[in-house]
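# Analysis of the macromolecular model
Residues per chain, in single letters:
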2 protein chains.
Amino acid sequence: MNSKTIKTLNPRTGDFLDNDYVLSTPNDLNEKVLDAQLAFTVYRNTSGNERAILLETIAEEIEAVKEEILDMTTLETGLPAGRIIGETGRTIGQLRLFAEVAQKEFWVEAVIDTALPDRQPLPKSDIRKCLVPLGPVAVFGASNFPLAFSTAGGDTAAALASGNTVVVKAHNSHLGTHQCIAAAIARALERCNLPKGIFSSVIDEGYELGAALVQHPGIKAVGFTGSYKGGTALLDLVSKRKEPIPFYGEMGSVNPIVLFPSALKESKTVSNLIGSINLGVGQFCTNPGLILTVDSEATQSFCLNMAEAIEQSVGEVMLNKAIFDTYEANMAEISAESAYTLLGQGIKVTDSLAVKPCLALTSGKKFLTHPKMSQEIFGPFSLIVLCENQDELSEILMKIEGQLTLSFMGEETEFEEQAHLVALAQEKAGRIIFNGVPTGVEVGYAMIHGGPFPASTVPSSTSVGADAIRRFARPVCFQDAPQSLLPMALQDDNPLEIFRKINGKWCQDKI
Amino acid sequence: MNSKTIKTLNPRTGDFLDNDYVLSTPNDLNEKVLDAQLAFTVYRNTSGNERAILLETIAEEIEAVKEEILDMTTLETGLPAGRIIGETGRTIGQLRLFAEVAQKEFWVEAVIDTALPDRQPLPKSDIRKCLVPLGPVAVFGASNFPLAFSTAGGDTAAALASGNTVVVKAHNSHLGTHQCIAAAIARALERCNLPKGIFSSVIDEGYELGAALVQHPGIKAVGFTGSYKGGTALLDLVSKRKEPIPFYGEMGSVNPIVLFPSALKESKTVSNLIGSINLGVGQFCTNPGLILTVDSEATQSFCLNMAEAIEQSVGEVMLNKAIFDTYEANMAEISAESAYTLLGQGIKVTDSLAVKPCLALTSGKKFLTHPKMSQEIFGPFSLIVLCENQDELSEILMKIEGQLTLSFMGEETEFEEQAHLVALAQEKAGRIIFNGVPTGVEVGYAMIHGGPFPASTVPSSTSVGADAIRRFARPVCFQDAPQSLLPMALQDDNPLEIFRKINGKWCQDKI
């Protein structure tokens, strides 16, 4: 065992916190993946009900230590208590949603084509399929959601719900939070009398263990939420494996917002936008980093109002030193680059890693000739682009890379007049929002949190919502199988009472 | 334009056929992808009904030239007329299945979470999602299915049904067949008054254009059926793209068959197995290349019967020179390698590229120490492995790589006694067959033709059956969208009358 340890930083004081966290070794990693493989042979055969009980128990165990989590996570992330309380609730809610999904088992997508023994020239077999789990899944904790997209976050909940085992690479910015949650999961596994190997985690100072994890032959899928740089580096390693596996990387975007004339006149447009830009100190992958509108008389007062609002905004501390440094470097670059006009800058709290919210302005022409302007700046920053006309705005949307979200603000008649932009948005984004801001991602059945590259590496998948369960499953089909050998979801008498597609029609029928 | 041409070979005579086929240039390729991108902006907005009409019209146009296809394809592939007639019917059937799927539009997987405007602390938005097409898709024709997995094969039909445009890389072994089909599709597009760019194709002597095609930034997905070598080479190129795209490679497998004692005594076991091994001169990706059983007194007479049956088998011609050469080299290697016992060899017709069907025998111990034995030999060959006991058989299944299919033959009580093998099969194969042979892949709703790597590169996808449509689609989600901007599948009054998941429940309700 390694005796080397690391600490986490308090972003408010800039000092290291007391606790020491033991670094994992390559041997530890290997053992954990092997344990996850072994545990998979047991866990894959559990019923949806058993998995639901595990997820409910994890939710309970997290709820039982929520005060401890609150103390630790606020210290480690600098996020306000309200946010941590909300995110703890969301994390518990996600676990319970996936418990429900696992318990009802409709996620298995049962499809049955019954036999036609008298068909000519050849009889037709009975063919049935449903989804099965993949195996051990690697999950990378995200810095900006220390709970909801980390140790027991969406990917872990989805993987466990569908019968996979999980090895988490803990995020170094919140190792104390990670340990609280990992311990809660371990207690839940013990209470449910399930193998410990179903969930484990590794701690690493640098990138070596993460790299080894995604390249380990025992790992069958990877869930990652983080930066473009980190995501594409891991994707590159995954693509060098002998056995290709899905790498679900969610890497953020600038989430363009298109303002039609009527929205410029609405007073709540400014407050909604500024609120969204500042939410979580701008550290959301759905942060609105790009605001597009056609220049007119109305844009002048809109920009003035935006400037005024940002100047009254108070910047809080960033999640860690690296994020802080990158934001400050970006701000320095923007000040020095004449293509940007600094529209306004907020103030900041006096704590160590605090930053100033900021708005910049540019023209459509300049935006089109400065590719850097379309790249995400992680933090409370947004760029307003004044386009010369509607065509220039369309051109920008046409040229922009894949996005998690794309928002339109205005009146229905304006949307209808520019329906081609809404059609175009379907090629560019995972979620299209009308008269709303992109921050605030509902955890439900219909949510898509993903989008064309570089927003995500697998645009056909979502990392939020019930359908995230699919990313860690694949279909298996049974031909002329005896009833006793079929999964319950495919048995004649439909013991799970789920909807199944039988000979092409969805129904709850028995065969 | 290139003036360089190539010809196709008649595998029966070994001579080149008369027709010349003009090779495409890199410029041609680029133009075709650009046309496909442009056509996509039109085609993506067509209704399911319009796409269904296109697919029906393609089916009609193919049916109208089926005599011409029969003549050309038998000449180019050496396959018997009955097989070509059957495969033409299957290709037309596939097009019509996808027409039905497109027309009914239930494939779009509409999911709706209605708004909760009074929810505390924040109102909940209305969120709706459905699948949308990806863009231009590259399809690689397969040598062994000159119709059903080639120019207008499963991938093309699935891509067109879901609103994508298609660029086919024609297979060099059947360029005449390709031209017949491509012309039929062009006529159908004209009759339907749709842009020509919706379907195009390139012809190449070597691998350059195929490589350029999968790396072209305009291509958004690739469908490939072929060899492990070809598939992994293309996968490698795809993984070097800046924008990752799905590469659906289906690369064949040895399709193990496990014989339990009762099956050894059934006389039809031998005839079924030999029939499956010889079907299409063994040139199916589902060819049963590996037969596993526990050694006993019964295996002796089983092996004798198998030997006798293979010796009475008549080998026909292989599809092309490369496949013929590889098979002959494999047979020479097997004769020279002492770990194999040659169990029996058939005879062959006198035509040029004809081969002899062949059965070999080995022990479980030798199989476990000769990794080459688990690799596919494309052609009418199968290896019988006599295991010392049930544990050795389990060990072999545990160690074997991903397979398209895994079959069990025996009685229900035998399957139940070895239920752990059926559970294991779910980790190893895409389709698990009971008392049937793997050849003969039903085109239906429940079929999975795919499987863990190296059987396929994306085990969560199928290349046969209605769900193949999903591989060329991704979900988009709409938040608080006005009715007029929503796709029909998501509109309140459910104009398509499809099943939708509303607040977690499947139904045909209006909102």
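Whatever comes next refers back to the structure up there.
In this report, the structure presented in the accompanying data block is examined. This is a predicted model, so every value here is computed, not measured.

### A word on the pattern of salt bridges
Inspection of the entire model under this criterion finds 56 salt bridges over all chains. One salt bridge in this structure joins R191 of chain A and E61 of chain A, with 2.8 Å as the shortest N-O distance. Here R191 of chain A, found in helix α6 (residues 175-191), pairs with E61 of chain A, found in helix α2 (residues 48-64); they are 130 residues apart in sequence, far enough to count as distant. Judged by its relative accessible area of 11%, E61 of chain A is buried. Note that E427 of chain A is salt-bridged to R44 of chain B, the shortest N-O span being 3.8 Å. Of the two residues, E427 of chain A sits in helix α16 (residues 419-428) while R44 of chain B sits in the loop between α1 (26-43) and α2 (48-64), which places them in two different chains. Here E427 of chain A falls in the partly exposed class, since its relative accessible area comes to 30%.

### Digging into the interface of chain B and chain A
Taken together, the 69 residues of chain B in the interface contact 69 residues of chain A. Taken together, the two surfaces of chain B and chain A that pack against each other cover about 6100 Å², and 56% of this comes from carbon and sulfur. The interface formed by chain B and chain A contains 10 salt bridges. At the boundary of chain B and chain A, one finds 32 residue pairs in polar contact (both at pLDDT 80 or more). Within the residue set of the side of chain B that touches chain A, elements represented by two or more residues are β3 (111-113), β4 (127-133), α8 (228-238), α15 (412-417), α16 (419-428), β18 (429-434) and β19 (473-479) of chain B. Ranked by residues supplied to the side of chain B that touches chain A, first place goes to β19 of chain B with 7 residues. Taken together, the residues that form the side of chain B that touches chain A break down as 36 nonpolar, 12 polar and 21 charged. Direction of pairing for strand β18 (residues 429-434) of chain A relative to β19 of chain B: parallel, over a ladder of 3 bridges. Residue I432 of chain A lies in a different strand from β19 of chain B, and its bridge partner there is F478 of chain B.

### Section: the pairing of strand β5 (residues 137-140) of chain B
Residue and element names in this part refer to chain B. Both faces of β5 are covered, namely the face carrying V137 and V139 and the face carrying A138 and F140. Direction of pairing for β5 relative to strand β6 (residues 166-169): parallel, over a ladder of 4 bridges. Bridging across to β6, V137 finds its partner in V166. As a crossover connection, the stretch from β5 through helix α5 (residues 154-161) into β6 is right-handed. One ladder, built from 4 bridges, connects β5 with strand β8 (residues 221-225); its direction is parallel. Looking across to β8, one finds that V137 is bridged to A221.

Conventions and cut-offs
Residues numbered from 1 in each chain as written. Chains lettered and ligands numbered in written order. Predicted model: local features only at pLDDT ≥ 70, side-chain atom pairs only at ≥ 80, totals over all residues. Heavy atoms only, no water. Salt bridge = Lys/Arg side-chain N within 4 Å of Asp/Glu carboxyl O. Helix = DSSP H or I, 4+ residues; strand = E, 2+ residues; numbered from the N terminus. Buried < 20%, exposed > 50% of the residue type's maximum accessible area, 1.4 Å probe, protein only. Contact = heavy atoms within 4.5 Å. Buried area = accessible area lost by both parts, 1.4 Å probe. Polar contact = N/O pair within 3.5 Å; in protein donor to acceptor, adjacent residues only side chain to side chain. Nonpolar A, V, L, I, M, F, W, Y, C, P; charged D, E, K, R; others polar. Pairing = 2+ DSSP bridges. Right-handed = clockwise from strand over helix to strand, strands pointing away.

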